[in-house]
Amino acid sequence: MPWRRRRNRVSALEGGREEEAPPEAAPVPSALLTSSQQTEAAAERILLRGIFEIGRDSCDVVLSERALRWRPIQPERPAGDSQYDLLCKEEFIELKDIFSVKLKRRWSVKQQRSGTLLGITLFICLKKEQNKLKNSTLDLINLSEDHCDIWFRQFKKILAGFPNRPKSLKILLNPESHKKEATQVYYEKVEPLLKLAGIKTDVTVMEYEGHALSLLKECELQGFDGVVCVGGDGSASEVAHALLLRAQKNAGMETDRILIPVRAQLPLGLIPAGSTNVLAHSLHGVPHVITATLHIIMGHVQLVDVCTFSTAGKLLRFGFSAMFGFGGRTLALAEKHRWMSPNQRRDFAVVKALAKLKAEDCVISFLPFNSSDDVQERRAQGSPKSDCNDQWQMIQGQFLNISIMAIPCLCSVAPRGLAPNTRLNNGSMALIIARNTSRPEFIKHLKRYASVKNQFNFPFVETYTVEEVKVHPRNNTGVYNPEEEEDETASESCFPWNVDGDLMEVASEVHIRLHPRLISLYGGSMEEINDSKVTSNCF
């Protein structure tokens, strides 16, 4: 419901009668308020007061600095009427939940310009269950032009005072995402809400892989309050990488060798229009287009941890998560069969990777996470690791899969997340290692991701909370060998990595370092995700 009732809730009021309106009431000076009203005004200054019809009731409406409150105007209490108190309870909405205001008019075919004024419509962002947001409306009916104009201008002034809400956005749209639905998603669901909120947009359709990277390196962004990516995980990761590279370049840093990167200047919004939408799902708790759009409109911003991936001291890319071994080979297989539909491609790649399941001989070095407040403060300020007396640890052996994740990595086939104990900005990464085991046991481990059971409760699975990781393959299983059956998952001299749904091929050791709160993403604070069981269709 688009408002709240103190002590009692009633069904939502919808619209109002258009054939008549309650009489106009001018704002009441504070000197004329009752003692209880003056007490309320002292705690929260009243801006306007008047009479509007809400639903089918004439209401005493009060606009204060934080909320809009109203109470039905009732005659003196009839004797023995037990429903009187219920009907007269005050209702309210908080001003921070309003994202647009329009004058409500009745239009007819004969009217060429503005129609008959009916009142004011408020557009409200409401929170539903399971982290979803929805937009709703509240009509304040009054036929007086002067009266509505005063209230309308006051609402506009209030909305203009929210500093984080964007007024102009750069939109990057990937028309090839998922089933080529991103264009339809944007123009039918996202753009109408942005226009309603009065946000100016500049849309660029991404025409090839790397288009966003080349565009954001050079284009003028000074007039924008944020950047929005409409697409899947690969597109979102590319845009985030481009924004961070742009920030390093603007700071005068060498973009191929970065030790302590600077934060991206503009926040990034993610509209889920891909097949898995791990980034948007992890950010919002649900891969819901309207929810993602409303977070952008409302200016909900949170800082998120980012990783750098480098080899031999040279930066490869920024990212949020990575998989090596089974996860990398599965993506490499899927990329070679892009002519299939997304679901077919995914299932085919998983089955074939399981059929050719083999372990990688690796040395894994990692720096355990130190949660000391003092240590974390120094690291956030860019202090060298050596100042913190950290001790690297090393493990080696045969590994079926290695995951390094700075975000929970929620998706439809892993409702608890691939890394359920990781948060968006807790300054650490999850290192999850699956050692060599039989194919049936490894499949059991994969199936656990789709259930409420602990997917790590296997003797061959190890988990660590870390800040840095180095993965060094020691054999040539990723290298093409003409004497064996053709390996479709790697080029002649590279090992496949899955970085945020993008294929990255590297021939040598990869160094992953976490950088706390390096990028701002549009999204609210995610509540605990419901651990209800979701069936996976992968197996």
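Residues numbered from 1 in each chain as written. Predicted model: local features only at pLDDT ≥ 70, side-chain atom pairs only at ≥ 80, totals over all residues. Heavy atoms only, no water.

The number of helices and strands found in the chain is 12 helices and 22 strands. Once local pairs closer than 6 in sequence are excluded, the contacts in the chain between residues at least 24 apart make up 70%. Element-wise, carbon and sulfur atoms account for 47% of the exposed surface of the chain, whose accessible area totals about 25900 Å². (Helix = DSSP H or I, 4+ residues; strand = E, 2+ residues; numbered from the N terminus. Contact = heavy atoms within 4.5 Å. Areas by Shrake-Rupley, 256 points an atom, 1.4 Å probe, with all protein chains shown as cover.)

Moving on, we come to the pattern of salt bridges. Tallied over the full model, the rule gives 16 salt bridges. As a salt-bridge pair, Glu90 and Arg69 come within 3.8 Å of each other at their nearest N and O atoms. Of the two residues, Glu90 sits in the loop between helix H2 (84-87) and strand S5 (91-94) while Arg69 sits in strand S4 (residues 67-72), which places them 21 residues apart along the sequence. Arg69 carries the same exposure label as Glu90, and that label is buried. For Arg329, the salt bridge goes to Glu360, with nearest N and O atoms at 2.7 Å. Linking Arg329 in helix H9 (residues 326-335) with Glu360 in strand S16 (residues 360-368), this pair joins segments that are 31 residues apart in sequence. (Salt bridge = Lys/Arg side-chain N within 4 Å of Asp/Glu carboxyl O. Buried < 20%, exposed > 50% of the residue type's maximum accessible area, 1.4 Å probe, protein only.)

With that settled, the discussion passes to the confidence of the model for the chain. Confidence along the chain averages 81 in pLDDT terms, with 78% of residues attaining 70 or more. At the low end of the mean pLDDT range in the chain sits strand S1 (residues 4-5), at 47; at the high end sits helix H8 (residues 289-298), at 96. Within the model, the stretch residues 477-486 combines pLDDT values under 50 with 19 contacts to residues more than four positions away or in other chains. Counting contacts from residues 527-539, a segment whose pLDDT is below 50, to residues more than four positions away or on other chains yields 30 contacts. (pLDDT = per-residue confidence, 0-100.)

Another aspect to go through is the packing of aromatic side chains. Tallying each qualifying case throughout the model produces 10 aromatic pairs. Their ring planes at 40 degrees and their centres at 4.7 Å tell us that Phe366 and Tyr464 sit as a pair that is tilted. Residue Phe366 is located in strand S16, and its partner Tyr464 is located in strand S19 (residues 461-473); the two are separated by 98 residues in the primary sequence. By relative accessible area, Phe366 is classed as buried at 2%. Their ring planes at 85 degrees and their centres at 6.4 Å tell us that Tyr449 and Phe456 sit as a pair that is edge-to-face. (Phe/Tyr/Trp six-rings, centres within 6.5 Å; stacked < 30°, edge-to-face > 60°.)

A few words on the packing of H9 against helix H10 (residues 342-355). Two numbers describe how H9 lies on H10: the axes approach to 8 Å, and their chain directions differ by 130 degrees. What the angle tells us is that H9 and H10 run oblique. Viewed along their axes, H9 and H10 form a crossing whose handedness is right-handed. Facing H9, whose interface residues are Phe326, Thr330, Leu333 and Ala334, H10 presents Arg345, Ala349, Val350, Lys352, Ala353 and Leu354. Partitioned by chemical class, the residues of the contact of H9 with H10 number 7 nonpolar, 1 polar and 2 charged. (Axes fitted to C-alpha atoms, helices over the stretch in contact; angles between N-to-C directions. Parallel < 35°, antiparallel > 145°, perpendicular 65-115°, else oblique. Left-handed = near helix turned anticlockwise from the far one by under 90°. Nonpolar A, V, L, I, M, F, W, Y, C, P; charged D, E, K, R; others polar.)

Note on placement: Ser214 falls in helix H5 (residues 211-218). When its relative accessible area of 35% is taken as the criterion, Ser214 is described as partly exposed. In this structure, the C-alpha to C-alpha distance between Ser214 and Val239, residues 25 residues apart in sequence, is 10.0 Å.

This part is about the packing of helix H4 (residues 182-196) against H8. Across the interface, H4 lies against H8 with an axial gap of 10 Å and an inter-helix angle of 30 degrees. Judged on the interaxial angle alone, H8 and H4 are roughly parallel. The interaxial crossing formed by H4 with H8 has right-handed handedness. Where H4 abuts H8, its residues Val185, Lys189, Val190, Leu193 and Leu194 lie against Val289, Ile290, Thr293 and Ile297. Looking at side-chain class alone, the contact of H4 with H8 contains 7 nonpolar, 1 polar and 1 charged residues.

So, on to the nonpolar core. Formed by 61 residues in total, the largest nonpolar core has its most connected members in Val239, Leu268, Phe442 and Ile519. Apart from the residues within four sequence positions on either side, Val239 is in contact with Leu172, Ala212, Leu216, Val227, Cys229 and Leu268. (Core = buried A, V, L, I, M, F, W, Y, C linked by side-chain atoms within 4.5 Å.)

Checked against the element boundaries, Thr422 lands in the loop between strand S17 (393-405) and strand S18 (429-435). Not counting residues within four places of it along the chain, the set of residues in contact with Thr422 comprises Met405, Ala406, Ile407, Pro408, Ser428 and Ala430.

Counted residue by residue, S4 has 5 buried out of 6 residues, so it is predominantly covered. With 5 bridges joining them, strand S3 (residues 57-64) and S4 adopt antiparallel strand pairing. In the sheet register, Leu63 faces S4, and the bridge partner there is Leu68. Connecting the antiparallel pair S3 and S4 is a turn made up of 2 residues. (Pairing = 2+ DSSP bridges.)

Along H8, 10 of the 10 residues are buried, which leaves the element largely enclosed by surrounding structure. Listed as buried for H8 are Val289, Ile290, Thr291, Ala292, Thr293, Leu294, His295, Ile296, Ile297 and Met298. Gly299 occupies a position one or two residues after H8 and carries a positive phi of about 75 degrees.

Note: most residues except glycine have negative phi, and most peptide bonds are trans. A positive phi angle, near 55 degrees, is found at Asn277, a position not held by glycine. Here Asn277 shows up in the loop between strand S12 (268-272) and helix H7 (278-284). Among the residues examined, Asn277 registers a relative accessible area of 10% and is labelled buried.

On to the environment of Ser58, then. One can find Ser58 in strand S3. On the basis of relative accessible area, Ser58 is assigned to the partly exposed category, the value being 31%. Placed 12 residues apart in sequence, Ser58 and Trp70 show a C-alpha to C-alpha distance of 9.6 Å.

Attention now moves to H5. For H5, the set of buried residues is His211, Ala212 and Leu216. Viewed end-on, H5 has its buried residues packed into an arc of 110 degrees, placing them on one side of the element. If you follow the buried residues of H5, they end up packed against strand S9 (168-173), strand S10 (200-205) and helix H6 (233-250). (Arc of directions from axis to C-beta.)

Further remarks concern the side chain of Thr308. With respect to the helices, strands and loops of the structure, Thr308 is situated in strand S13 (residues 301-311). Taking the relative accessible area as the measure of exposure, Thr308 reaches 2% and is therefore buried. Polar side-chain contacts of Thr308 include one of 2.9 Å to the side chain of His515. In contact with Thr308, other than residues within four places in its own chain, are Leu315, Arg317, Phe318, His511, Ile512, Arg513 and His515. (Polar contact = N/O pair within 3.5 Å; in protein donor to acceptor, adjacent residues only side chain to side chain.)

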